[in-house]
Amino acid sequence: MEIGGRGLIISLICFLFKFSTAIEIPLSVQQVPTIIKQSKVQVAFPFDEYFQIECEAKGNPEPTFMWTKDDKTFDLSDSRIIVSNNSGTFKIPNEGHLSHFQGKYRCFASNKLGVAMSEEIEFIVPNVPKFPKEKIDPLEVEEGDPIVLPCNPPKGLPPLHIYWMNIELEHIEQDERVYMSQKGDLYFANVEEKDSRNDYCCFAAFPRLRTIVQKMPMKLTVNSLRHANDSSSSTEIGSKANSIKQRKPRLLLPPTESGSASSVTILKGDTLLLECFAEGLPTPQVDWNKIGGDLPKGRETKENYGKTLKIENVSYRDRGNYRCTANNFLGSTSHDFHVVVEEPPRWTKKPQSGVYSTGSSGILLCEAEGEPEPTLKWRVNGSPIDKNPFAGDVVSPTEISFTNLQPNHTAVYQCEASNVHGTILANANIDVVDVRPLIQTEDEENYATVVGYSAFLHCEYFASPEAIVSWQKVDEAKPLEGRRYHIHENGTLQINKTTEDDAGSYSCWVENAKGKTAVTANLDIRNATKLQVSPKNPRVPKLHTLELHCESKCDPYLKHSLKLSWSKNGEGFEINATEDGRITIDGPNLTISNVTSEDQGIYSCSAQTALDSVADVTHVTILDVPDPPENLHLSERQNRSVRLTWDAGNDHNSRISEYIVEFEGNKEEPGRWEELTRVQGKETTVILSLAPYVRYQFRVIAVNEVGRSQPSQPSDHHETPPAAPDKNPQNIRVQASQPKEMIIKWEPLKSMEQNGPGLEYRVTWKPQGAPVEWEEETVTNHTLRVMTPTVYAPYDVQVQAVNHLGSGPEPQSVILYSGEDYPDTAPVIHGVDVINSTLVKVSWSTIPKDRVHGHLKGYQINWWKTKSLLDGRTHPKEVNILRFSGQRNYGMVPSLDAFSEFHLTVLAYNSKGAGPESEPYIFQTPEGVPEQPAFLKVIKVDKDTATLTWGLPKKLNGNLTGYLLQYQIINDTYELGELNDINITTPSKPSWRLSNLNSTTKYKFYLRACTSKGCGKPITEEGSTLGEGKYAGLYDDISTQGWFIGLMCAIALLTLILLTVCFVKRNRGGKYSVKEKEDLHPDPEVQSVKDETFGEYSDSDEKPLKGSLRSLNRDMQATESADSLVQYGEGDHGLFSEDGSFIGAYAGSKEKGSVESNGSSTATFPLRA
C-alpha cells in the first residue's frame, strides 16, 4: 500500500505540472484572485513628491482589496492617502507625516472563491543622518606612537561611503602606515611629524539620500624628539628615538577585546571583507592565508596594502578559518577569522497553481533551502491552514494532497518559508472548474507561410475537464494524419515542410465531457525567398574596390516586407555609418573602396520578409604584395659562387610566383642594386654565380600576381678574389676625320667585368693579310689613334683586356679601314635624254675605284635653270641637288620647268664628302600643257546669256594657243546635262559671252588653257540664268537705286540711336546685361569663324558630280604629268628599283616643287532667281 500510495503521488505531481503549466484560465471563467503586481521595499526619499505602494490582482468575480500594516489591519479610508480605483494600490503624499506610515505592509485580494496574499512590503522612512554636535579635544602624541581617529558615522540608509579629508577637501593619503577601517576610523601604525594637522575631517556620504555630512575637525599634534634636547645632534636624537620606539606588531583591528579569534557571518553570494591592522615600528606587513586550504583563486584580492582580504561571490566552500599575520623584524602577531556562510530562504519546489475538474486529484509541493534551514508554514486564503475545513486530505510541512476534488476546495494556498535572514511567500491557486471548451483564438484567422517552411495554426483553448484537440481540412471529413502534422498541447497545429497543396481552410475541434467547440483557420502558401550573392569568393587586390551584389527574388505578396542587410563575420553593417566612409550600402549593393587586409572575411547578405528569411555568403579574400623575405643566409662560399637561402614572408593570399635576387657591389656605382637572377616561387634557396673582385651584398624581392614586395634586409657581405678578365671588349670600330688616320674605339668593360685591379687594353693591328709583325700598344682608356701610310686601307685589329692577374681570352680580329679622302676626279656626262617637259634621264661614266679614296656612297646631280624659252629671260642661278646612292651610271631628274634651258653637272661622293664636278651639260625642255587659269568668274547673266571672265595661268609652259570652254546643265541633285565645247583661239581675250542658254537654269562651266602640246587642267564655276522680267545686270551698281538708298539711311539712323542709348546708360552707371556685353565684346574666335563664312570655296569643299569624270575626259588630249623631285632621288618616296630604273606612272604627290595643279578654285555666285 505504501508503494502504491507513493506511485499515486508521483503520477499526481506529473499530472499537476503538465496540466497547470499548460492552461491559463480566461477571465470569463470564475476563478480565485491572483496578484499580478506588487511593490518591493519602498524608501521614502525626501526629494520625491509621493510614494506609491502597489497591489494589483485579477479574478472572477473581481477581487476586493484589504491591507495590513505590521500584521494589523490598515485603514485605506485614511484621508492622508490616495487609493486607486479597481486596485489595491495607494499613494502616500510627501506632506510631512511620513513617519506615521513606516512599517511592513501586506496586501490581500479576495473574492467569494478565495483570498490571495502578497509578500511583505516594507516602507522605510529614513532619517536625515547627522553627526552629533560635540567638542573634540585635541590629540597629542609622540613621534612613533600609534593613534586612532574615530569617525563614528551616523546611521542612515545604506550604502555608506566614508572619506577622510582636510578642510580644503583634499583626501588624507593612506598607505601601509595609515589605514581607514570598514567602520570609518582612521588608524596610524606609527605617527610621523608630518601627520600633525588641525583639520582631520570625517565625511559620511549617503548617495541614495543625496546627503554628505561632516564631523567636526580633529587636531593631531605629533611631538618630535629632535626638539627634546637642542644640545644633541639630530643623528643622536634619531637613534635614541628609534631605539626607544621600535616595537613588535600589535593588532588594533580586530580590537584586542576580540581575542585571538573571532567569528564572521556572511550571506552566500555577497562579498566577504576581512581586515587586519597592526601598530608597530617599523610598520608591520600583513599577510593572509586560509587554514587547511587555499584562498579562492580569481575571486580573492588583497586591498589597502594587504590590510583587507576581499572574496567576491561567496559560496559554501568559502567557509572555514582565515588567518591574518602582521610582522616586522621584531616579531609578529595574528588573528583567526571563523567564516560562517549562511543564506536566506530560496525555493527548491515552489507550489504551482492548477485547474482541476470535479472528482480529480492534486498535490501542492513546497520546499525551500537556506542556512539556517527555513521553517515552512501553510495558509489557506491568508489564514492558518488548520482553520480551513476543506484544506486537503493529507497536509504536511512540504506538501498538501487532494483526492476527489470538489468546487468547495477552490481556494488560494500560501506557503511561507523563513529564517533569520528573510521570508519568502508563494501563492498557489486551486481552481475546481467544469466548463465546455472555450477557444480563445479568433475564428477565421488568416495564416501564411512559404514553401518548405513550417506553418503554425493556433487554437488556444481552455477546458476543464481535459479536452481532446483535432484538426481537419474543411473540404475533407477526416482528421489530419501523417508525420508532417503535429498538434501541440496548447492546440496549435504544426505543418512541417509545407507545399502549395497545403493551402486552404482548416477546422480546429476541441471536445471534453462538457461539450465541443470549433474554429476555422485559413492558410496561404507563398513562394520561398531566394538569394544569391555575386561574385562568389572574389579575390581583390589591396586598395582596390570591392563590389558585391545581392540578387533577391521573393513572392509578390512579400515584396513590401522584404529587407536586405549585409554583415561581415556575423556582425552587421550600419548603413553608410562607417567612420572613414569607405563602405557604402545601396540596397542590394555593398561597395568597399580602398580595401585593406581587415576587410577580408565572410560577407553575408540576408533577406528578411514577413514569413521567411534566407542568407547567402561569399568569402572575400584580400590580396596584397608579399611581405619581404626574411633571414637571408649565405653558405657554400666559393670563389665564383655562393648559396643564398631565405625564409618566405606572408604571401597575403596570392601565391609567390618568383623571387628576384639583387646584388650591390658595383665599385663604380656603390649603393645601386642590380638584378642578378630570378628563382621560382616554390624555391627559397639558390646558388649564385659571381664575378671576381666584387664585395657582394644580396637582397631578395618576392613577386606575386599583385606585384613586388619590398626588398628584404640585405644579407651579409661576400667578397670574391680577383682574377684575369673573362672577356674582351666588344663593338670594336673605327672613327677617322683625317685621311690616313685610324681612331680605334671599343666598348669598355664594365666594373663587374674587370675581374681585378689594373685594367688595361692591349691593341694590336697590321695591314690585312700582310705577312708583317703586329704593331701593339696598351692603353687604359677605350680609344687609340693610329696613323697609317695609305688612305682607306684595310687593317686587321685586335683588342684584349689585361689586368694585374693576367690577360683575357685570345681576341678575335676585326677588319677596319684607315681614314678616307675626297674623290679626286669627276664623272663624264654621256648625255641627257628628255623624257617629257618636266623629266629627263642623265647618264654618266663612273669614276675608277682607286680615285674614290674611300667607300663610294653614290653620285650627285646638280642642276639649275638658266632661262625661259618662252620670253628668253635669264633666270638667276638656283642649284638643285639630287643624290643617287650606290655604284650607278644614270639617274632621273624630275620637276623641271617646261620650255626652259638648264645646266647640269655630276659628281661622286664618299663618307668624307663630294669630289669635283663634271663639266656643265646644257639641255632644254620642250613645251608642256599650261596650268589651270588663275580664276574663272561669271560677271553678268540674263535669262539666256552669261558672260565669263578669267585670268592667265601662273605657268604657261609654252606658247599659249587658246582656251577650251565647256559648260553643261546641272540641277539640285547634281545630275549633269550634255557637255558643250567652245574653242577660243584668241589667247589674249580674257572673257567670253555665252548665248542661247535656258532661262532659270543652273550651269557648270569648265575652262582650260592650251598650248601646242594640249590643254591643261580645268577651273570650274557655277551660275544660274534669270527668269522673265528679272533684273539682268546683277553686277551693275545698285547704289543708285532709291530703295537701296532708303534702306542704308534707315540702318544709319538706327545705329546712331543705339550708340546714343549706350552712351547715356554708361554715363548713368547702368549695367549691361550679359547678352549686351557679349554683343559689345564678341569672342574673337567666334568672330573669326563668322568672318570665314564668306571666304572662297575650294575644290575640296565641292560635292562630287555624277558622271563628271566622263564629261571632263571627252575629246581631251593626253596631258603630260608634272613630276615631283622627291620621287626620283633618295628618300622614302623614291620610285626607282635597286638599279635606278624608273617605275611606272608618276604619282600625284603634292610635295614642294610639284607642278601638278590643285584643281579648280570655285565660288558659286549668289544669283537671284
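See the structure printed just above.
Residues numbered from 1 in each chain as written. Predicted model: local features only at pLDDT ≥ 70, side-chain atom pairs only at ≥ 80, totals over all residues. Heavy atoms only, no water.

Caption draft 1: A look at the overall build of the protein. In terms of helices and strands, the protein carries 6 helices and 85 strands. Looking at the protein as a whole, 42% of its 1169 residues qualify as buried. Surface summary for the protein: the accessible area is close to 63700 Å², and the carbon and sulfur share equals 49%. (Helix = DSSP H or I, 4+ residues; strand = E, 2+ residues; numbered from the N terminus. Buried < 20%, exposed > 50% of the residue type's maximum accessible area, 1.4 Å probe, protein only. Areas by Shrake-Rupley, 256 points an atom, 1.4 Å probe, with all protein chains shown as cover.)

Caption draft 2: Representation of the sheet that holds strand β43 (residues 485–487). The strand order β40-β44-β43 describes an open sheet built from 3 strands, whose pairing is antiparallel. Looking at the sheet topology across the chains shown, the edges are occupied by β40 (455–457) and β43. With direction set aside, neighbouring strand axes in the sheet form an average angle of 20 degrees. The pairing of β43 with strand β44 (residues 493–495) spans 3 bridges and is antiparallel. (Pairing = 2+ DSSP bridges. Axes fitted to C-alpha atoms, helices over the stretch in contact; angles between N-to-C directions.)

Caption draft 3: Layout of the side chain of Thr 905. With respect to the element layout, Thr 905 can be found in strand β76 (residues 900–910). Taking relative accessible area as the criterion, Thr 905 reaches 3% and is therefore assigned buried. At 2.5 Å, the side chain of Thr 905 forms a polar contact with the side chain of Glu 917. Apart from residues lying up to four places away in sequence, Thr 905 is in contact with Ile 829, Gln 860, Ile 861, Asn 862, Trp 864, Glu 917, Ser 918, Glu 919 and Pro 920. (Polar contact = N/O pair within 3.5 Å; in protein donor to acceptor, adjacent residues only side chain to side chain. Contact = heavy atoms within 4.5 Å.)

Caption draft 4: Examining the side chain of Glu 927 more closely. Mapped onto the secondary structure, Glu 927 falls in the loop between β77 (921–924) and β78 (936–941). Within the local environment of Glu 927, its side chain forms a polar contact with the backbone nitrogen of Asn 959, the two atoms lying 2.6 Å apart. Reaching out from Glu 927, the side chain makes a polar contact with the side chain of Ser 1012 at a distance of 3.2 Å.

Caption draft 5: View of the pattern of salt bridges. In the structure shown here, the tally under the stated rule is 47 salt bridges. Its salt-bridge partner being Lys 58, residue Glu 24 comes within 3.0 Å of it at the nearest N-O pair. Taken together, the residues Glu 24 in the loop between α1 (2–22) and β1 (31–38) and Lys 58 in strand β4 (residues 55–60) connect sequence positions 34 residues apart. On the accessibility criterion, Glu 24 (57% relative accessible area) is exposed. When the shortest N-O distance is used, the salt bridge between Glu 279 and Arg 247 registers 2.6 Å. Linking Glu 279 in strand β23 (residues 277–281) with Arg 247 in strand β20 (residues 247–253), this pair joins segments that are 32 residues apart in sequence. Judged by relative accessible area, Glu 279 falls into the buried class, the value being 4%. Residue classification places Arg 247 among the buried positions, given a relative accessible area of 18%. (Salt bridge = Lys/Arg side-chain N within 4 Å of Asp/Glu carboxyl O.)

Caption draft 6: Summary view of unusual backbone geometry. Cis geometry is adopted by the peptide bond preceding Pro 159, which originates at Pro 158 and carries an omega value of 5 degrees. Position of Pro 159 relative to the elements: it lies in the loop between β13 (147–149) and β14 (161–165). That bond from Glu 371 to Pro 372 is cis: its omega, 0 degrees, falls within 30 degrees of zero. Looking at the secondary structure, you find Pro 372 in the loop between β31 (367–371) and β32 (375–380). The residue Asn 537 is not glycine, and still its phi comes out positive at about 50 degrees. For Asn 537, the location among the structural elements is in the loop between β47 (530–534) and β48 (539–541). In this model, His 853 sits at a positive phi of 60 degrees, which is unusual for a non-glycine residue. For His 853, the location among the structural elements is in the loop between β72 (839–845) and β73 (856–868).

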